[in-house]
Amino acid sequence: SWKRTLTVILASRAPGGTRTAAITGGYVALVQALRATPPYDSGAKLPLLDSVVAVSVGIVEGRPTLDLDYKQDFAAAVDMNVVMTGDGRFVELQGTGEEATFDADELAAMLALARRGVAQLTQLQTAALAM
(Lines give C-alpha, C1' and ligand atoms only; values in the text may rest on other atoms or scores of the structure.)
Protein backbone atom coordinates (compact mmCIF):
# COMPACT_ATOMS: atom_id res chain seq x y z
CA SER A 1 0.00 0.00 0.00
CA TRP A 2 1.07 3.60 -0.42
CA LYS A 3 1.07 4.10 3.36
CA ARG A 4 3.54 1.25 3.86
CA THR A 5 5.78 2.53 1.07
CA LEU A 6 5.77 6.05 2.47
CA THR A 7 6.59 4.71 5.93
CA VAL A 8 9.57 2.76 4.58
CA ILE A 9 10.94 5.77 2.73
CA LEU A 10 10.42 8.16 5.59
CA ALA A 11 11.71 5.82 8.28
CA SER A 12 14.72 4.18 6.71
CA ARG A 13 15.60 5.46 3.29
CA ALA A 14 15.05 9.18 3.52
CA PRO A 15 17.83 11.71 3.64
CA GLY A 16 18.43 13.62 6.87
CA GLY A 17 15.80 16.10 7.87
CA THR A 18 12.05 15.96 7.97
CA ARG A 19 11.62 18.44 5.10
CA THR A 20 13.70 16.37 2.71
CA ALA A 21 12.02 13.16 3.85
CA ALA A 22 8.58 14.70 3.42
CA ILE A 23 9.36 15.80 -0.13
CA THR A 24 10.93 12.51 -1.19
CA GLY A 25 8.28 10.30 0.42
CA GLY A 26 5.48 12.72 -0.42
CA TYR A 27 6.10 12.25 -4.13
CA VAL A 28 5.63 8.49 -3.77
CA ALA A 29 2.46 8.99 -1.75
CA LEU A 30 1.12 11.45 -4.34
CA VAL A 31 1.66 9.02 -7.22
CA GLN A 32 0.05 6.17 -5.32
CA ALA A 33 -2.91 8.34 -4.30
CA LEU A 34 -3.41 9.49 -7.89
CA ARG A 35 -3.26 5.90 -9.13
CA ALA A 36 -6.16 5.09 -6.79
CA THR A 37 -8.48 7.81 -8.17
CA PRO A 38 -10.38 8.10 -11.44
CA PRO A 39 -9.39 8.32 -14.22
CA TYR A 40 -5.86 7.27 -13.23
CA ASP A 41 -7.07 4.06 -11.59
CA SER A 42 -7.96 2.91 -15.12
CA GLY A 43 -4.46 3.58 -16.45
CA ALA A 44 -4.82 7.16 -17.67
CA LYS A 45 -1.56 9.10 -17.87
CA LEU A 46 -0.73 10.86 -14.61
CA PRO A 47 -0.59 14.67 -14.76
CA LEU A 48 3.00 14.78 -13.49
CA LEU A 49 5.99 16.09 -15.41
CA ASP A 50 8.73 14.43 -13.36
CA SER A 51 9.56 13.03 -9.95
CA VAL A 52 10.91 15.18 -7.13
CA VAL A 53 13.51 14.33 -4.49
CA ALA A 54 15.19 16.29 -1.70
CA VAL A 55 18.49 15.61 0.05
CA SER A 56 20.56 17.26 2.72
CA VAL A 57 24.25 18.02 2.32
CA GLY A 58 26.69 19.99 4.37
CA ILE A 59 30.22 20.49 5.50
CA VAL A 60 30.93 18.48 8.63
CA GLU A 61 34.40 18.45 10.17
CA GLY A 62 35.74 20.12 7.04
CA ARG A 63 34.31 17.51 4.64
CA PRO A 64 31.34 17.73 2.29
CA THR A 65 28.80 15.18 3.56
CA LEU A 66 25.60 13.74 2.12
CA ASP A 67 22.53 12.74 4.12
CA LEU A 68 23.19 14.50 7.39
CA ASP A 69 21.80 12.79 10.45
CA TYR A 70 20.72 14.85 13.46
CA LYS A 71 24.16 14.90 15.08
CA GLN A 72 25.89 15.88 11.82
CA ASP A 73 23.28 18.52 11.05
CA PHE A 74 23.78 20.05 14.49
CA ALA A 75 27.59 20.06 14.06
CA ALA A 76 27.67 21.17 10.41
CA ALA A 77 29.57 24.31 9.54
CA VAL A 78 27.42 24.55 6.41
CA ASP A 79 23.98 23.02 5.93
CA MET A 80 22.13 22.77 2.61
CA ASN A 81 18.89 21.24 1.38
CA VAL A 82 18.69 20.48 -2.34
CA VAL A 83 15.43 19.66 -4.12
CA MET A 84 15.68 18.29 -7.66
CA THR A 85 13.58 16.61 -10.29
CA GLY A 86 14.30 13.03 -11.32
CA ASP A 87 15.97 14.26 -14.49
CA GLY A 88 18.40 16.41 -12.50
CA ARG A 89 16.89 19.90 -12.66
CA PHE A 90 16.92 22.09 -9.58
CA VAL A 91 13.70 23.00 -7.81
CA GLU A 92 15.26 24.61 -4.74
CA LEU A 93 18.65 25.25 -3.20
CA GLN A 94 18.73 26.41 0.40
CA GLY A 95 22.12 26.63 2.03
CA THR A 96 23.39 28.40 5.10
CA GLY A 97 26.81 28.96 6.55
CA GLU A 98 25.79 27.99 10.08
CA GLU A 99 29.22 28.28 11.65
CA ALA A 100 31.41 29.21 8.67
CA THR A 101 31.33 30.59 5.16
CA PHE A 102 31.83 28.37 2.12
CA ASP A 103 33.48 28.91 -1.24
CA ALA A 104 32.59 27.94 -4.80
CA ASP A 105 34.60 24.71 -4.67
CA GLU A 106 32.82 23.59 -1.50
CA LEU A 107 29.47 24.49 -3.07
CA ALA A 108 30.37 22.44 -6.17
CA ALA A 109 31.35 19.47 -3.96
CA MET A 110 28.06 19.65 -2.04
CA LEU A 111 26.05 19.87 -5.26
CA ALA A 112 27.90 16.86 -6.71
CA LEU A 113 27.01 14.87 -3.59
CA ALA A 114 23.41 16.08 -3.79
CA ARG A 115 23.13 14.94 -7.41
CA ARG A 116 24.43 11.49 -6.45
CA GLY A 117 21.94 11.25 -3.58
CA VAL A 118 19.07 12.41 -5.79
CA ALA A 119 19.92 9.74 -8.37
CA GLN A 120 19.89 7.03 -5.68
CA LEU A 121 16.62 8.21 -4.16
CA THR A 122 15.01 8.51 -7.60
CA GLN A 123 15.84 4.83 -8.15
CA LEU A 124 14.28 3.97 -4.77
CA GLN A 125 11.14 5.95 -5.65
CA THR A 126 10.89 4.12 -8.97
CA ALA A 127 11.28 0.76 -7.23
CA ALA A 128 8.70 1.67 -4.56
CA LEU A 129 6.20 2.71 -7.23
CA ALA A 130 6.72 -0.56 -9.15
CA MET A 131 5.41 -2.57 -6.16
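Going by the structure above, here's the rest.
First, a word on scope: everything that follows refers to the structure included in this document.

Things to note about the overall build of the chain
Consideration 1: Helix and strand counts for the chain come out as four helices and four strands.
Consideration 2: When the helices and strands of the chain are read in sequence order from the N terminus, they spell out α-α-β-β-α-β-β-α.
Consideration 3: By the burial criterion, 37% of the 131 residues in the chain qualify as buried.
Consideration 4: Here the analysis covers contacts within the chain between residues at least 6 apart in sequence; of these, 54% occur between residues at least 24 apart.
Consideration 5: Split by element, the accessible area of the chain, about 7,700 Å² in all, is 57% carbon and sulfur.

Regarding the packing of helix α2 (residues 18-35) against helix α4 (residues 104-130)
Consideration 1: Packing of α2 against α4 brings their axes to within 10 Å, and their N-to-C directions diverge by 25°. The angle between the axes of α2 and α4 places the two elements in the roughly parallel class. The chirality of how α2 crosses α4 is right-handed. Mapping the contact onto sequence places Thr24, Tyr27, Val28, Val31, Gln32 and Arg35 in α2 and Leu121, Gln125, Ala128 and Leu129 in α4.
Consideration 2: Of the residues that constitute the contact of α2 with α4, the class distribution is six nonpolar, three polar and one charged.

A word on the environment of Val53
Consideration 1: Structurally, the position occupied by Val53 is in strand β1 (residues 52-60).
Consideration 2: Each C-alpha atom, one on Val53 and one on Leu121, is 6.9 Å from the other, the two residues being 68 residues apart in sequence.
Consideration 3: In contact with Val53, not counting residues within four places along its chain, are Ile23, Thr24, Val82, Val83, Met84, Val118, Leu121, Thr122 and Gln125.

Considerations on the sheet that holds strand β4 (residues 90-97)
Consideration 1: Across the sheet, which stays open at both edges, the four strands sit in the order β2-β1-β3-β4 with antiparallel pairing between neighbours. This sheet does not close on itself; its edge strands, each paired only once, are β2 (63-66) and β4. For this sheet the average axis-to-axis angle between neighbouring strands, irrespective of direction, equals 15°.
Consideration 2: Where β1 lies against β2, four bridges are found, and the strand directions are antiparallel. When the bridges of β2 are listed, Gly58 appears paired with Thr65.

Some details on α2
Consideration 1: A rise of 1.5 Å per residue sets the reference length of α2, with its 18 residues, at 26 Å; its end C-alpha atoms lie 25 Å apart and thus fit the reference within 8%.
Consideration 2: At Gly26, α2 shows its largest kink, close to 25°.
Consideration 3: Residues of α2 that are buried include every one of Thr20, Ala21, Thr24, Gly25, Tyr27, Val28, Ala29, Val31, Gln32 and Leu34, and no others.

What about the pairing of strand β3 (residues 78-85)?
Consideration 1: Judged by how many residues are buried, β3 sits mostly within the fold: eight of eight residues are covered.
Consideration 2: Here β1 pairs with β3 via eight bridges, running antiparallel. Within β3, the residue paired with Val57 across the bridge is Met80.
Consideration 3: Pairing of β3 with β4 involves seven bridges; the strand directions are antiparallel. Counterpart to Met80 in the pairing with β4 is Gly95.
Consideration 4: In this structure, the hairpin formed by β3 and β4 is closed by a connection of four residues, where Gly88 is found at a positive phi of approximately 90°.

About the thresholds
- Residues numbered from 1 in each chain as written.
- Predicted model: local features only at pLDDT ≥ 70, side-chain atom pairs only at ≥ 80, totals over all residues.
- Heavy atoms only, no water.
- Helix = DSSP H or I, 4+ residues; strand = E, 2+ residues; numbered from the N terminus.
- Buried < 20%, exposed > 50% of the residue type's maximum accessible area, 1.4 Å probe, protein only.
- Contact = heavy atoms within 4.5 Å.
- Areas by Shrake-Rupley, 256 points an atom, 1.4 Å probe, with all protein chains shown as cover.
- Axes fitted to C-alpha atoms, helices over the stretch in contact; angles between N-to-C directions.
- Parallel < 35°, antiparallel > 145°, perpendicular 65-115°, else oblique.
- Left-handed = near helix turned anticlockwise from the far one by under 90°.
- Nonpolar A, V, L, I, M, F, W, Y, C, P; charged D, E, K, R; others polar.
- Pairing = 2+ DSSP bridges.
- Expected span 1.5 Å × (residues − 1).
- Bend = angle between axes of the 7 residues up to and from the residue.

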